[in-house]
Amino acid sequence: MVKVLFVCTGNICRSPTAEGMFRHLAERAGLGSQVIADSAGTHGYHVGEPPDPRTQRAALARGVDLSALRARKVTAADFTRFDHILAMDHGHLAQLRRLVPANATAALRLFLDDAPGLEGREVPDPYYGGPDGFEQVLDLCEAGSRGLLDRLSRESGFPIRESMG
C-alpha cells in the first residue's frame, strides 16, 4: 500500500483535483486497492468545505467526481502517515519543508516532477481566472497522476492491469 498526499494552498482547487484524478486513474489501472490518496492545504482558509464548484464541474465533465472531498489543513502527522507528499507549486514545497517534523518519513517533491517533460513545473492556481484555468489544471493533474502511477508501478512493482485511458 502506497499513501500519497497532494497539497495546495486552500485545498479547494488544485490538490483535490490531483487527488480525484489520481484515484480515478489508479482505479482504471487496477491499482485502486494498492494506493491511498488524500489532499490538504497549507492554509486552513476552507477547512470542511467541498472543492470549488468550478473545480467540481470541470472534473465531473471528465468523469472525476470530487463532491465527497472536504478541505483540510496539512498536519505534522501527515509527514509520517504518507509515503509521498506532493506540492502543487514551489511555494507549497518551501512551506512544507518548513513544517517537516524530525520524525518525518514522507518524500517531498513537486507533483509534476513525475510527469515527463513537466519536471520542475507548477500547477497554476485557477481560482481567480476563468474556466480555461480549471481545464489546464485537469490536464496537468492527469499528466502528473499518470507519471506518478508509472513511478509507483516501477518502485513498488504494482502491475498496471488496464489502460489508464
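The preceding data block contains the structure.
Keep in mind that this is a model prediction, so the values were computed, not measured. (Residues numbered from 1 in each chain as written. Predicted model: local features only at pLDDT ≥ 70, side-chain atom pairs only at ≥ 80, totals over all residues. Heavy atoms only, no water.)

Mapping L148 onto the fold places it in helix α5 (residues 131–156). Among all residues touching L148, those that are not within four sequence positions of it are V4, F6, F22, L86, R109 and D114. (Helix = DSSP H or I, 4+ residues; strand = E, 2+ residues; numbered from the N terminus. Contact = heavy atoms within 4.5 Å.)

With the rule as written, the count across this model stands at 14 salt bridges. The residue R72 makes a salt bridge to D78 at a minimum N-O spacing of 3.0 Å. Of the two residues, R72 and D78, neither departs from the other in class, the shared state being buried. When salt bridges with common partners are traced through the structure, they connect R62, E135, D139, E142 and R146 into a single cluster. (Salt bridge = Lys/Arg side-chain N within 4 Å of Asp/Glu carboxyl O. Buried < 20%, exposed > 50% of the residue type's maximum accessible area, 1.4 Å probe, protein only.)

A word on the pairing of strand β3 (residues 84–87). Residues of β3 alternate between two faces, with H84 and L86 on one and I85 and A87 on the opposite face, all of them buried. Of the strand pairs in this sheet, strand β1 (residues 2–8) and β3 are connected by four bridges, and their pairing is parallel. Each bridged residue has a counterpart across the sheet, and for F6 the counterpart in β3 is L86. Note: β3 against strand β4 (residues 107–110), four bridges, orientation parallel. The partner of H84 across the bridge, within β4, is A107. For the crossover from β3 across helix α4 (residues 90–99) to β4, the handedness is right-handed. (Pairing = 2+ DSSP bridges. Right-handed = clockwise from strand over helix to strand, strands pointing away.)

As far as function goes, none of this settles anything; it's purely spatial.
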